[in-house]
Amino acid sequence: MTSNDRGSRPRKSRAPGVIRVIVSIVILAIVLRYVSTGEVLDRMRATSPALWLLVFFGFLGGHALAAAKWRWLIGGVVSYPRAVRAHFAGLAANLALPGV
C-alpha cells in the first residue's frame, strides 16, 4: 500500500509560489526606482478624506449597479443581496485566481 492509497496527498512544489513572490518583488523594485515615493506620499496626503470617501463609495455604488444589471439580465431569479454577494465573489475570483 502506497502513501497515496491511504488518502494522503502528494507533496506539491513551492517553487511556483516562490517564483511569483520574487517576480513581484522585482517588479515593485523597478517601479519604485522610477517613481518618487516621497511624491506619491505627498499626493496621497494632499487628497482630502472627503474626496477619498466619495470616490470609494462611488466605486462601491458602481459595483452595486453592476450587480443589479446582472440580476436584471438573468431575469431576477435571485435576490438582490445574493446577486451583490455573487458579484463581489466574482470580483475576488478574478483578482485572486489568476495568481493561483
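This section reports on the structure supplied with the text. Remember, it's a predicted structure, so these values are computed and weren't measured experimentally. (Residues numbered from 1 in each chain as written. Predicted model: local features only at pLDDT ≥ 70, side-chain atom pairs only at ≥ 80, totals over all residues. Heavy atoms only, no water.)

1. Focus on the overall build of the protein
Looking only at helices and strands, one finds 4 helices and 0 strands in the protein. Reading the secondary structure of the protein in the N-to-C direction produces α-α-α-α. Looking at the 100 residues of the protein, the share that counts as buried comes to 5%. When the accessible surface of the protein is split by element, carbon and sulfur atoms take 68% of a total near 8900 Å². (Helix = DSSP H or I, 4+ residues; strand = E, 2+ residues; numbered from the N terminus. Buried < 20%, exposed > 50% of the residue type's maximum accessible area, 1.4 Å probe, protein only. Areas by Shrake-Rupley, 256 points an atom, 1.4 Å probe, with all protein chains shown as cover.)

2. Describing helix H4 (residues 80-96)
Over its 17 residues, H4 extends 24 Å from the first C-alpha to the last, a length consistent with the 24 Å expected when each residue adds 1.5 Å. Residues of H4 that are buried include every one of Ala 83, Val 84 and His 87, and no others. Projected down its long axis, H4 carries its buried residues within an arc of 100°, all on one side. Exposed side chains of H4 directed beyond 90 degrees from the buried face belong to Arg 82 and Arg 85. For H4, the elements touching its buried residues are helix H3 (49-73). (Expected span 1.5 Å × (residues − 1). Arc of directions from axis to C-beta. Contact = heavy atoms within 4.5 Å.)

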